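Residues per chain are reported as follows:
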Amino acid sequence: MMKKFVKIVYAATAVSITMSAVSCSNSRVSPASDMESHYKNTDEISVSSVAEELNTARNIDISGQTITWLADYDLNPQDDRERSAALSLFEDVYGASVSFVPTTSAEKLTTLDSMLIAGEEVDMFPYELDAVPNGVIKGRYQPLDPYFDVMGMDEGIWDDMNDVIEMFKYNGEHYVVPYAVSDPLIITYSRKMIKDNKLDDPYKLYLDGKWNWDTCMKMMEKFVSKASDGQTRYGINGWFGQAAMQSTGHTVINYDGEKFSNNIDDPEIEKAEIFMRDIAKKNLYDRTWKDCFPNDNSTLFYAMGAWSLGESNAENKDADLMIVPFPKAPDADKNYISCNFSARMLVKNSQKGEAVAAYIKCERLAAVQEEYKEIAKKKAGKTENKKSFVTKEQYDALQSIIDLENCVPVFDFGYGMSEKMYDNTYETRGVMDKLTSALLEGGDSEWDTLRDDVKKTIDSEVKDFNK
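All of these numbers come straight from a predicted model, not from anything done at the bench.

Asker: How should the overall build of the protein chain be read in this particular structure?
Answerer: Helices and strands together make up the secondary structure of the protein chain, namely 20 helices and 15 strands. Residues classed as buried in the protein chain amount to 59% of the 467 residues present. Pairs at least 24 residues apart make up 78% of the contacts formed inside the protein chain by residues separated by at least 6 positions.

Put into structure tokens, the structure is as follows:
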């Protein structure tokens, strides 16, 4: 299960939640087609007026420059689609352009390394989970700090992202500067099933500050206990181990700005692991991989990235589906969420740092400017695409879930280390995958066993990355 999830969700790191959830014609898409859903009609807005208002063309001249973009998806419009808002700003205001060098999801890092060794031109690359520290140590990227003025870091448009940006700071520099958080791990449920089983509405509990592990567990237990003769019921299905761990706000790898440290003995991580173990031992977890919310009334909660919501709606049109973030850890001081981060990497040895920084600023403007956000919202609720759609109510809920006034995104440097820590191959799981799957899927029956199994590997990785 983890393998498929990682391929679909984490390979498409740069997809904004609003567009990937609203516009995808099929949630089981390649990163390339998923990125194409990010295009939106900019004819409804004057690009020049937005640029002037936000001082986009700030004291640089990159007119005529072309960024070489290596990726498994094109930023330029395909199939007669409109340009994205970011590309429109970049081309019309700065007079610059993007040249696409295609590769595959599986081969893009290998291709990047080969191009760097050969001295071939490549300027910009998609953010990957192992960008820091692994990608930096391997000489793939350079910091964006020298171009902060071009990015407008002091103009107010990045203010709500400051903590997220600082979370990625490595060796005193900023290699990853997310312009948005995206694709949170969410829980989809049927309000019809909730009502039929006389349960509290999870989204209302969330709004009231009462949606946590304890209330979630009690609801699952009550739902399963009401199974009729011959019926099999489950409390939850899908991918949520990572969300469970990160809902504590604690990470497996800590970083103090200079050194990494092993945090596997943290009591809060232990609580998350025991929570997962208890769900499995109570037979509340359905291990069967499903692409969307089950339509057989057998499962109360479906946990997955927000990319799955469109298809879930299409397959459950009479279920009155709603969404809620993963429940809050009981002892957490805030709502910590597991999500992706939309970012572009400045490639090592690129001579187009200003142009890449300007493009990143265009992405940020497109993410925060109200006019562009309104266009995305208008598209929500349109059901012409019967295979995938999102209602306006769900759209608003998604925005609330990733609103940085309501949540704190979590990044664990454990995902940024070598394959021993994070390997997205199902058969050879890395430490992070074991921690989010093993107790749920029966690989280990107790936390002590799993912890002792991974501790030496973590210690070894920490030592290597601290050299």
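Asker: Mind showing me how you'd approach the confidence of the model for the protein chain here?
Answerer: Taken as a whole, the protein chain shows an average pLDDT of 87; of its residues, 84% reach a score of 70 or greater. Here residues 1–44 is modelled with pLDDT under 50, and outside its nearest four sequence neighbours on either side it reaches 147 contacts, counting other chains as well.

Asker: I keep staring at the pattern of salt bridges and nothing clicks. Help me out?
Answerer: Oppositely charged side chains can pair when the atoms bearing their charge come close. Within this structure, the stated rule accounts for 27 salt bridges. Here R451 and D265 are joined by a salt bridge, their closest N and O atoms 4.0 Å apart. Taken together, the residues span a long stretch of sequence, with R451 in helix α20 (residues 447–465) and D265 in the loop between β8 (260–262) and α14 (267–281) at a distance of 186 residues. We classify R451 as buried; its relative accessible area is 17%. Residue classification places D265 among the partly exposed residues on the basis of a relative accessible area of 48%. Between R451 and D452 there is a salt bridge; the shortest N-O distance is 3.5 Å. Residue classification places D452 among the partly exposed positions, given a relative accessible area of 48%. Within this structure, D265, D448, R451, D452 and K455 form a network of salt bridges that share partners.

Asker: Looking at this model, I keep getting lost on the side chain of N466. Mind explaining?
Answerer: Structurally, N466 can be placed in the segment after α20. Classification of N466 by relative accessible area gives buried; the value is 18%. Ignoring anything within four residues of it in the chain, the contact list for N466 reads K259 and F260.

Asker: It is not clear to me how the packing of helix α12 (residues 213–225) against α14 should be interpreted in this structure. Could you clarify?
Answerer: A pair of packed helices is characterised by two quantities: the angle between their axes and the separation of those axes. Packing of α12 against α14 leaves a shortest axis separation of 12 Å and a crossing angle of 5°. On the basis of the axis angle, α12 is roughly parallel to α14. Contact with α12, carried on its side by W213, M217 and M220, involves K271, A272, F275, D278 and I279 of α14 and no other residues of that element. Tallied by class, the residues present in the contact of α12 with α14 amount to six nonpolar, no polar and two charged.

Asker: Honestly, the packing of aromatic side chains in this entry has me stumped. Any pointers?
Answerer: By convention here, two paired aromatic rings are described through the distance between centres and the angle between planes. With the rule as written, the count across this model stands at 21 aromatic pairs. Taken together, a centroid distance of 5.6 Å and an interplanar angle of 40° make the contact between Y203 and Y206 tilted. Here Y206 and Y203 lie together in helix α11 (residues 202–207), a separation of three residues that amounts to about one turn. Classification of Y206 by relative accessible area gives buried; the value is 12%.

Asker: Any chance you could explain the pairing of strand β11 (residues 321–325) here in plain terms?
Answerer: Across a regular strand the side chains alternate sides, sitting on one face of the sheet and then on the other. Of all five residues that make up β11, five are buried, and the element is covered over most of its length. Of the two faces of β11, both are covered, the one formed by L321, I323 and P325 as well as the one formed by M322 and V324. Examined bridge by bridge, strand β5 (residues 185–190) and β11 share five bridges and lie antiparallel to one another. When the sheet's bridge partners are listed, I186 is paired in β11 with P325.

Asker: Before we go on, may I ask you to explain the nonpolar core in this structure?
Answerer: Most often, soluble globular proteins have nonpolar side chains that are buried together. F90, Y127, W158, I279 and F301 are the most contacted members of the largest nonpolar core, which totals 144 residues. No other element matches helix α16 (residues 353–368), which puts nine residues into this core. Each residue touching I279, except ones within four places of it in the same chain, is listed here: M217, M220, I236, F240, L284, Y285 and L440.

Asker: What's the story with the sheet that holds β5 in this structure? I'm lost.
Answerer: The strands making up a sheet are joined through hydrogen bonds of the backbone, oriented either antiparallel or parallel. The strand order across the open sheet built from five strands is β9-β6-β10-β5-β11, with neighbouring strands paired in mixed fashion. The outermost strands of the open sheet, each flanked by one partner alone, are β9 (285–286) and β11. As paired strands, strand β6 (residues 234–238) and β9 are joined by two bridges and run parallel to one another. The residue bridging I236 from the neighbouring strand is Y285, located in β9. Strands in contact with helix α18 (residues 392–402) are β5 and β11; relative to β11, the strand with the most contacts, it is inclined by about 0°.

Asker: So what exactly am I meant to see when it comes to the packing of α14 against helix α19 (residues 431–441) here?
Answerer: The interhelical angle for the contact between α14 and α19, taken along N-to-C directions, is 30°, at an axis separation of 7 Å. The pairing of α14 with α19 is recorded here as roughly parallel in orientation. The two elements α14 and α19 meet at a crossing, and its hand is right-handed. Here E273, M276, R277, I279 and A280 of α14 lie close against α19, whose contacting residues are L435, T436, L439 and L440. Across the contact of α14 with α19, the residue classes tally to six nonpolar, one polar and two charged.

Asker: Is there a simple way to think about the pairing of strand β2 (residues 97–102) in this case?
Answerer: Of the pairings in the sheet, the one linking strand β1 (residues 66–71) to β2 comprises six bridges and is parallel in character. Residue pairing in the sheet places T68 in a bridge with S99 of β2. In this fold, β1 hands off to helix α5 (residues 85–92), which returns the chain to β2; that crossover is right-handed.

Asker: How should the environment of A355 be read in this particular structure?
Answerer: Turning to its location among the elements, A355 is positioned in helix α16. The exposure class assigned to A355 is buried, which follows from its relative accessible area of 0%. Separated by 258 residues in the primary sequence, A355 and S97 have C-alpha atoms spaced 9.1 Å apart. Filtering out sequence-adjacent residues up to four positions away, A355 remains in contact with I62, Q65, I67 and F90.

Asker: Looking at this structure, I do not really get the environment of G135. What am I missing?
Answerer: Its place among the elements puts G135 in helix α7 (residues 131–137). Distance from G135 to S418, taken between C-alpha atoms, is 9.4 Å for residues 283 residues apart in sequence. For G135, the residues in contact, after removing those within four places along its chain, are D130, R140 and Y141.

What counts and what doesn't
- Residues numbered from 1 in each chain as written.
- Predicted model: local features only at pLDDT ≥ 70, side-chain atom pairs only at ≥ 80, totals over all residues.
- Heavy atoms only, no water.
- Helix = DSSP H or I, 4+ residues; strand = E, 2+ residues; numbered from the N terminus.
- Buried < 20%, exposed > 50% of the residue type's maximum accessible area, 1.4 Å probe, protein only.
- Contact = heavy atoms within 4.5 Å.
- pLDDT = per-residue confidence, 0-100.
- Salt bridge = Lys/Arg side-chain N within 4 Å of Asp/Glu carboxyl O.
- Axes fitted to C-alpha atoms, helices over the stretch in contact; angles between N-to-C directions.
- Parallel < 35°, antiparallel > 145°, perpendicular 65-115°, else oblique.
- Nonpolar A, V, L, I, M, F, W, Y, C, P; charged D, E, K, R; others polar.
- Phe/Tyr/Trp six-rings, centres within 6.5 Å; stacked < 30°, edge-to-face > 60°.
- Pairing = 2+ DSSP bridges.
- Core = buried A, V, L, I, M, F, W, Y, C linked by side-chain atoms within 4.5 Å.
- Left-handed = near helix turned anticlockwise from the far one by under 90°.
- Right-handed = clockwise from strand over helix to strand, strands pointing away.

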